Amino acid sequence: FLPFKKLESMGWADSFWGNNSYRTFAMLHESTDVNEFNEKFAGFTAMNSEDKSVSDFLFPMSDLHLYSKFENGVSVGGRIELIRLFGGVALVILLLACINFVNLSTAQSENRAKEVGVRKISGAGRGMLVWQFLVESVMIALFAYGFALTIVAIALPYFSNFIGKELQSPFFQPLFWVISFVYIMVIGILAGSYPAFLMSSFKPTAVFKLKLNARKYWVNPREALVVFQFAVVAILISSVWIIRDQMNHVQNRDLGLDKENLIYHQVYGTMQENMVAFRNELLALKEVNSVSYTFSPITELHSDTNMMKWQGKDDSYRPAMYRMGADANLVETAGFELISGRDIDVYTFPSDSNAVLINETAAMRMGFEDPLGQVIQDDDLSFTVVGVVKDFIMGSPFDEVLPILVFGSKRNLSFIHVRLNPGENYSEIMANVEAVFAKFNPGAPFDYNFVDQVHARKFESQKRTAKLTGLFTVLAVLISCMGLFGLATFIAEQRRKEISVRKVLGASIPGLVRLISSEFTKLVMIAVLLGIPVTWYFMDSWLETFDYRISIDWKIFLWTALAALGIAFLTVSSQAIKTAMINPAKVLKSE
């Protein structure tokens, strides 16, 4: 942070209202309403310059981290979208657990039917029974929450390391416990409501005459809940697959430069005063292949404008063009591919301080059929095109290729890039390079960056998203399998006599396993078919946020179906095999 008057005294400020080199921070009086201020402030630039298309506004610093995505001067999201996404996924996983509770409670309703019948005969009203079942549900939720908090307390440091953020424990905040109490009550009541009202509705006469199953449904509620569970599982599995494919697609993208064995360092102090001598000493090292001073790091774009001019340009055509700068040997140092012309070299050609190197996209945007020799005007400076290089990516690897112009040394050159010769002992190589830096700027830190490491950090947010999505998917699969296992166990127990009769009549064990498993296989297939369009819609919308993206492959859904079927079959088959291997004599001896 610097006061603007300090920038003026250093000669870093100018009178050009289109200069976007700085972020300006303003401290408002506490009584000032930001919206009211912005209404007065909107036309500030238009009032002081010839550019009438710009509208100004201030944005609260407290919201900048989460709401930093803007369109036409309006915040349309940002990192808050990730919080909403994972909050939604967490709620869905919680819903899966509630479905398990409902399914298993209703499945065991027959086991508690006589209890309900006896209580009703003894004078218990329906309201009393509903209250009993809801209290049981809330107590289960309470014990589960205590168990969950224990896991969270143990896992919090590991989870913080997993996502790369230091998370603070909420256990000492009163609001957390208030919310926890409400949460337990809501979850306990929601999960227990359907079983409570179902079981309390049993009539004693029906209970003791074993007519509980007389009620028929067009759609079996338990089957519908299993379908919903595995539809969620299918959506999450296929989403993880698509996210992984998108990440691999971008990570394998051709950057148009060689990021290996390349470092950069900011140029300041006495280094800036002796740039030629400093460069020559670096080149004298056997560890150094080439050196180039630049306007910004090769991994970042520090400047853009829509005010450039060139021959044949329509005044109404104002595409955004991005600036870079170099003194010499940038093509060799950065590993660019030269298509035509030559590299900038102010030491061999002093006039190259007014030369410019452009990429393919810049040539296309400017409409140049033969770019060499074309003159480009930027502010009050004119530059001649001396070379064209293949498109290269300096910014986000997820974005489209940008039109980039590398100007000669008329632009400020504040960074130095050093191409190192490959070697096994990097500590020795870096020690020799550091010695030269220390000679020309004694006492200053050797604060270098490897280009490949900086590039890798650009994927960290997406990698965390992929990891968290994968973690949530595993949780969803485990919870769904637990519910399916419990339901399969109960159904297998109910069908013991049927299975025994079938065995007596000659049914084989593989045939019986297929019979028991087929019911769940059908439900999983329906779930996958329902999940496919949902996944397609949401993941296609997510992919639309990237300029460089994959197309969704239908084979992903085939593999998802096979994975879901495999998970379901493995979950159910153990119980199916156990039931199929029962000795019929033990089951049917009372018949």
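So, here is what we can say about the structure in this document. This one's a predicted model, so the numbers in the text were calculated from it and none came from an experiment.

**A word on the overall build of the protein**
Okay, so step 1: Looking only at helices and strands, the protein features 21 helices and 14 strands.
Okay, so step 2: Computed over its C-alpha atoms, the radius of gyration of the protein comes to 34 Å, more than 25% above the 25 Å expected for a compact globule of 591 residues.
Okay, so step 3: Overall, the C-alpha framework of the protein stretches about 105 × 65 × 50 Å when taken along its three principal axes.
Okay, so step 4: For the protein, the residues scored as buried account for 39% of the 591 residues in total.
Okay, so step 5: The contacts in the protein between residues at least 6 apart in sequence include a share of 76% that link residues at least 24 apart.

**Brief notes about the nonpolar core**
Okay, so step 1: Grouped together as the largest cluster of nonpolar side chains are 26 residues, with contacts concentrated most on Ile 298, Phe 336, Ile 344, Phe 392 and Val 406.
Okay, so step 2: Counting only elements with at least two residues in this core, the list comes to β3 (262-266), β7 (321-325), α13 (330-334), β9 (355-359), β11 (381-389), β12 (404-407) and α16 (451-457).
Okay, so step 3: In terms of residue count, α13 provides more of this core than any other element does, three residues in total.
Okay, so step 4: Apart from residues lying up to four places away in sequence, Phe 392 is in contact with Leu 255, Gly 256, Leu 257, Phe 336, Asn 359, Val 401, Ile 404 and Val 406.
Okay, so step 5: Grouped together as the second largest cluster of nonpolar side chains are 22 residues, Ile 237, Leu 487, Ile 491 and Phe 520 included.

**Some remarks on the packing of helix α17 (residues 460-494) against helix α20 (residues 555-580)**
Okay, so step 1: Closest axis-to-axis distance for the α17/α20 pair is 9 Å, and the angle between their directions is 25°. It follows from the interaxial angle that α17 and α20 lie roughly parallel. Two packed elements cross with a definite hand, and for α17 against α20 that hand is right-handed. Side by side, α17 and α20 meet where Val 477, Cys 481, Leu 484, Phe 485, Ala 488, Thr 489 and Ala 492 of the first sit next to Ile 567, Ala 568, Thr 571, Val 572, Ser 574, Gln 575 and Thr 579 of the second.
Okay, so step 2: Counted by class, the contact of α17 with α20 contains nine nonpolar, five polar and no charged residues.

**Quick word on the environment of Ile 404**
Okay, so step 1: Looking at the secondary structure, you find Ile 404 in strand β12.
Okay, so step 2: Once the C-alpha coordinates of Ile 404 and Phe 392 are considered, the two residues, 12 residues apart in sequence, prove to be 8.5 Å apart.
Okay, so step 3: Those residues within four positions of Ile 404 in sequence are excluded, and the remaining contacts are Leu 301, Tyr 322, Met 324, Leu 357, Ile 358, Asn 359, Ala 362, Phe 392 and Met 394.

**Examining empty space enclosed by the protein**
Okay, so step 1: A complete count under the given rule lists one cavity of 30 Å³ or more for this structure.
Okay, so step 2: In this model, the largest cavity occupies a volume close to 50 Å³.
Okay, so step 3: Looking at the largest cavity, the residues that line it are Leu 255, Leu 257, Ile 298, Thr 299, Ile 393, Met 394, Gly 395, Val 451, His 455 and Lys 458.

**Brief notes about unusual backbone geometry**
Okay, so step 1: Notably, Asn 329 is not glycine yet its phi reads approximately 60°, a positive angle.
Okay, so step 2: Relative to the helices and strands, Asn 329 resides in the loop between β7 and α13.
Okay, so step 3: Judged by its relative accessible area of 23%, Asn 329 is partly exposed.

**Observations concerning the pattern of salt bridges**
Okay, so step 1: Inspection of every chain in the model, using the stated rule, returns 12 salt bridges.
Okay, so step 2: Two residues, Glu 287 and Lys 286, come together in a salt bridge whose shortest N-O distance is 3.0 Å.
Okay, so step 3: Lys 286 gets classed as exposed once you look at its relative accessible area, which sits at 65%.
Okay, so step 4: The structure contains a network of salt bridges with shared partners spanning Arg 323, Asp 378 and Asp 379.

**Things to note about the sheet that holds strand β14 (residues 449-450)**
Okay, so step 1: Strand order in the open sheet made by the four strands is β4-β13-β3-β14, with antiparallel pairing throughout. Each edge of the open sheet carries a strand with a single partner, namely β4 (288-294) and β14.
Okay, so step 2: Where β4 and strand β13 (residues 415-420) come together, six bridges link them in antiparallel fashion. Across the sheet, residue Ser 290 finds its bridge partner in β13, namely Arg 419.
Okay, so step 3: Contacting β4 and β13, helix α12 (residues 275-284) crosses the sheet at an angle of about 160° to β4.
Okay, so step 4: The strands that helix α15 (residues 426-440) touches are β3, β4, β13 and β14; relative to β13, the one it contacts most, it runs at about 145°.

**Remarks on the side chain of Thr 361**
Okay, so step 1: If you trace the backbone, Thr 361 turns up in helix α14 (residues 360-366).
Okay, so step 2: By relative accessible area, which is 7% here, Thr 361 ends up buried.

**Let's talk about the packing of α12 against α15**
Okay, so step 1: Where α12 contacts α15, the axes come no closer than 10 Å and their chain directions differ by 160°. The angle between the axes of α12 and α15 places the two elements in the roughly antiparallel class. For the pair α12 and α15, the crossing hand works out as right-handed. Where α12 abuts α15, its residues Ala 277, Phe 278, Glu 281 and Leu 282 lie against Val 433, Val 436, Phe 437, Lys 439 and Phe 440.
Okay, so step 2: Taken together, the residues of the contact of α12 with α15 sort by class into seven nonpolar, no polar and two charged.

**So, the pairing of β9**
Okay, so step 1: With five of five residues buried, β9 lies mostly within the body of the structure.
Okay, so step 2: Because side chains alternate across β9, one face comprises the buried residues Ala 355, Leu 357 and Asn 359, and the other comprises Val 356 and Ile 358, equally buried.
Okay, so step 3: Here β9 pairs with β11 via five bridges, running parallel. When the sheet's bridge partners are listed, Asn 359 is paired in β11 with Val 389.
Okay, so step 4: Strand direction decides the pairing type here: β9 and β12, joined by three bridges, are antiparallel. If you follow Val 356 over to β12, its bridge partner there is Phe 407.

**Regarding the environment of Asn 354**
Okay, so step 1: Relative to the elements of secondary structure, Asn 354 occurs in the loop between β8 (338-341) and β9.
Okay, so step 2: Considered as a pair, Asn 354 and Tyr 548 are 194 residues apart in the sequence and their alpha carbons are 34 Å apart.
Okay, so step 3: Other than its neighbours up to four places away in sequence, Asn 354 contacts Ser 382, Phe 383, Thr 384 and Lys 410.

**Quick word on the side chain of Asp 56**
Okay, so step 1: Topologically, Asp 56 is positioned in the loop between α3 (44-48) and α4 (61-64).
Okay, so step 2: At a separation of 3.4 Å, a polar atom in the side chain of Asp 56 contacts the main-chain amide nitrogen of Phe 44.
Okay, so step 3: Filtering out sequence-adjacent residues up to four positions away, Asp 56 remains in contact with Asn 38, Phe 41, Ala 42, Gly 43, Phe 44 and Thr 45.

**Quick notes on a nonpolar patch on the surface**
Okay, so step 1: A cluster of nonpolar side chains, namely Leu 175, Val 178, Ile 179, Phe 181, Val 182, Val 186 and Leu 190, defines an oily patch on the protein surface of about 700 Å² accessible area.
Okay, so step 2: Within the fold, Leu 190 resides in helix α8 (residues 174-200).

**Things to note about helix α7 (residues 126-163)**
Okay, so step 1: The sharpest bend along α7 comes to roughly 50°, located at Ala 155, with the proline Pro 157 sitting one to four residues further on.
Okay, so step 2: Gly 164 occupies a position one or two residues after α7 and carries a positive phi of about 75°.

Here is what the cut-offs are and how they apply
Residues numbered from 1 in each chain as written. Predicted model: local features only at pLDDT ≥ 70, side-chain atom pairs only at ≥ 80, totals over all residues. Heavy atoms only, no water. Helix = DSSP H or I, 4+ residues; strand = E, 2+ residues; numbered from the N terminus. Rg over C-alpha atoms; globule rule 2.2 N^0.38 Å. Buried < 20%, exposed > 50% of the residue type's maximum accessible area, 1.4 Å probe, protein only. Contact = heavy atoms within 4.5 Å. Core = buried A, V, L, I, M, F, W, Y, C linked by side-chain atoms within 4.5 Å. Axes fitted to C-alpha atoms, helices over the stretch in contact; angles between N-to-C directions. Parallel < 35°, antiparallel > 145°, perpendicular 65-115°, else oblique. Left-handed = near helix turned anticlockwise from the far one by under 90°. Nonpolar A, V, L, I, M, F, W, Y, C, P; charged D, E, K, R; others polar. 1 Å grid on protein atoms, 1.4 Å probe; cavity = no way out; pocket = protein on both sides within 12 Å on 5 of 7 lines; lining within 4 Å. Points joined across faces, edges and corners; volume = space filled by probe spheres on them. Salt bridge = Lys/Arg side-chain N within 4 Å of Asp/Glu carboxyl O. Pairing = 2+ DSSP bridges. Polar contact = N/O pair within 3.5 Å; in protein donor to acceptor, adjacent residues only side chain to side chain. Patch = residues over 30% accessible without salt bridge, like charges linked within 9 Å, V, L, I, M, F, W, Y side chains within 5 Å. Areas by Shrake-Rupley, 256 points an atom, 1.4 Å probe, with all protein chains shown as cover. Bend = angle between axes of the 7 residues up to and from the residue.

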